Amino acid sequence: MVGGHAASLASSAPVPLWTRALTVESRRARQLLAAGGWRLTAADAEAVGAVLARLTAPLPVRRGTEARIKATDRDRRLQRILRTAVHHLDAGAVSPPAAALLAAVARALLPWHAAPNPPAAAAAPRYGTVPGTTQGAPPPTEAGEALLPDLIALFTALAATGPGGADGPGAAPLTPPVEPWQARYAGRFRRHTRPAPGVWTAETVHCPTCGGKDGPWTVTWDGRRAALGCPCGVVSREHGLALSEIWLVLPETG
Ligand SMILES: [Zn+2]
């Protein structure tokens, strides 16, 4: 039963966080801030302020309660940060550099997509499952919390550049350019819609010309929109996918 033992260990071991994009985007943002090269737009400021509120939210004060409940509180705080970042990312109102940063935050906190509260409906988006199973990996709570101090410092500094921020009201927004990226993805993209509260539908995206669904897709993002290149040569921008539905399924690459 060596195989079974190994499999159970694999399914219970915490997954490493996907922090490469966050490392890159955080460093870039800090450099821009130090050089005065980024002042938030109103939409950016709203998103950054919302994420900052989640980052700095205190844990509920519980006396004499079970350790399990406190662990759930800690995971719930991380889950709210993730959901707020994804909400503002997919709303599409933020500038390209803010989108890149929110996307990086969401990717790093992906293990909390379904923890502690799984998506309510069967058709809701599912990310971060253990390969070969339908189960989410147990979230590495301490590793997630270890990201918070730097994120709080960065989002606090960003918020200060926004309209009404400490850098002075009336300063015009200054939006730095972003590096476009390209990635390859062999697999399916699922487009989710929510026709009613708590009700989700999902469909698999297909190439408008050849009908292919499995790729390998060439994904490009220019800071505003993501395009899907099919092996048949057609590039589709009218796929209807939210950025998170593309970005959060891409594998972590070097
Ligand atoms: Zn095609």
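Residues numbered from 1 in each chain as written. Predicted model: local features only at pLDDT ≥ 70, side-chain atom pairs only at ≥ 80, totals over all residues.

S.K.: I'd like a description of the overall build of the protein, backed by residues and values.
M.R.: Counting its regular elements, the protein contains eight helices and six strands. Going from the N terminus to the C terminus, the protein shows its helices and strands as α-α-α-α-α-α-α-β-β-β-β-β-β-α. A buried classification covers 29% of the 254 residues belonging to the protein. Long-range contacts, defined here as pairs at least 24 residues apart, represent 71% of the contacts in the protein between residues at least 6 apart. (Helix = DSSP H or I, 4+ residues; strand = E, 2+ residues; numbered from the N terminus. Buried ≥ 20, exposed ≤ 12 C-beta atoms within 10 Å, placed from the backbone. Contact = placed C-beta atoms within 7 Å.)

S.K.: Run through helix α7 (residues 148-159), naming residues and quoting values.
M.R.: Since the α-helix packs 3.6 residues into each turn, any two residues three or four apart lie on the same face. Relative to the 16 Å expected for 12 residues at 1.5 Å per residue, α7 spans 16 Å between its end C-alpha atoms, a close match to the ideal helical length. Listing the buried residues of α7 in full gives L151, L154, F155, L158 and A159. The buried residues of α7 occupy an angular sector of 130 degrees when the element is viewed end-on, so they sit on one face. (Expected span 1.5 Å × (residues − 1). Arc of directions from axis to C-beta.)

S.K.: Tell me about the packing of helix α4 (residues 67-91) against helix α5 (residues 96-108), and please be specific about residues and values.
M.R.: Geometrically, a packed helix pair is captured by the angle between its two axes and the distance between the axes. Across the interface, α4 lies against α5 with an axial gap of 9 Å and an inter-helix angle of 145 degrees. As α4 packs across α5, the resulting crossing turns out to be left-handed. In this structure, α4 uses L82, A85, V86, H88 and L89 to contact α5, whose residues at the interface are A99, L102, A103, V105 and A106. Taken together, the residues that form the contact of α4 with α5 break down as nine nonpolar, one polar and no charged. (Axes fitted to C-alpha atoms, helices over the stretch in contact; angles between N-to-C directions. Left-handed = near helix turned anticlockwise from the far one by under 90°. Nonpolar A, V, L, I, M, F, W, Y, C, P; charged D, E, K, R; others polar.)

S.K.: Describe in detail α5, supporting the description with residues and values.
M.R.: Compared with the 18 Å implied by 1.5 Å per residue over 13 residues, the 18 Å span of α5 between its first and last C-alpha is a close match. The buried fraction of α5 is high, at 12 of 13 residues. For α5, the full list of buried residues reads P97, A98, A99, A100, L101, L102, A103, A104, V105, A106, R107 and A108. Residues of α5 that are buried make contact with α2 (20-34), α3 (42-55), α4, α7 and α8 (243-247).

S.K.: Summarise the pairing of strand β2 (residues 190-196); cite the residues concerned and give the values.
M.R.: Within β2, only zero of the seven residues are buried, leaving the element largely exposed. Both β2 and strand β3 (residues 199-204) contribute to a ladder of five bridges, which runs antiparallel. Bridge assignment links A196 to a residue of β3, and that residue is V199. Counting the residues in the hairpin turn of β2 and β3 gives two residues, including G198, whose phi is positive at 80 degrees. (Pairing = 2+ DSSP bridges.)

S.K.: Describe the nonpolar core, naming the residues involved and giving the relevant values.
M.R.: Within the largest apolar cluster, 50 residues are counted, with the highest numbers of intra-cluster contacts made by V48, A85, L102, A103, V105, A106 and L109. At the level of elements, α2, α3, α4, α5, α7, β4 (217-221), β5 (226-229) and α8 are the ones that each hand at least two residues to this core. The dominant element in this core, judged by the number of residues it contributes, is α5, at 10 residues. There are two domains that each give this core at least three residues, and those are domain 1 (14-159) and domain 2 (181-247). Beyond its immediate sequence surroundings of up to four residues, A85 is in contact with V51, L102, V105 and A106. (Core = buried A, V, L, I, M, F, W, Y, C linked by C-beta atoms within 7 Å. Domains from an automatic or database assignment.)

S.K.: Can you tell me about the sheet that holds strand β1 (residues 181-185), naming the residues and giving the values?
M.R.: Pairing in this open sheet of four strands is antiparallel, and the strands run β1-β4-β5-β6 from one edge to the other. Edge strands, defined here as strands with exactly one partner in the open sheet, are β1 and β6 (235-236).

S.K.: Quick rundown of the environment of R190? Include the residues and the values.
M.R.: The topology assignment puts R190 in strand β2. Note on R190: 15 C-beta atoms within 10 Å, which makes it partly exposed.

S.K.: Explain the packing of α3 against α5 to me, and be specific about the residues and the numbers.
M.R.: At a minimum axis distance of 11 Å, the contact between α3 and α5 shows a crossing angle of 20 degrees. In this view, α3 runs roughly parallel relative to α5, as classed from their interaxial angle. α3 and α5 meet at a crossing whose hand is left-handed. Of the residues in α5, those touching α3 at D44, A47, V48 and V51 are A98, L102 and V105. Its residues assigned to classes, the contact of α3 with α5 shows six nonpolar, no polar and one charged. (Parallel < 35°, antiparallel > 145°, perpendicular 65-115°, else oblique.)

S.K.: Break down the confidence of the model for the protein for me, citing the residues and quoting the values.
M.R.: Where the model shows low pLDDT, its predicted coordinates should not be examined in detail. For the protein, mean pLDDT is 88; residues scoring 70 or higher make up 88% of the total. Within the protein, the element-level pLDDT minimum falls on helix α1 (residues 2-12), averaging 43, and the maximum on α7, averaging 98. This stretch, residues 1-11, has a pLDDT under 50; its non-local contacts, to residues over four places away or in other chains, come to three contacts. (pLDDT = per-residue confidence, 0-100.)

S.K.: An account of the environment of T193 is needed here, citing residue identities and associated values.
M.R.: Position of T193 relative to the elements: it lies in strand β2. Assessed through the 12 C-beta atoms surrounding it within 10 Å, T193 is described here as exposed. Taking C-alpha positions, T193 is 9.6 Å from P125, a pair spaced 68 residues apart along the chain.

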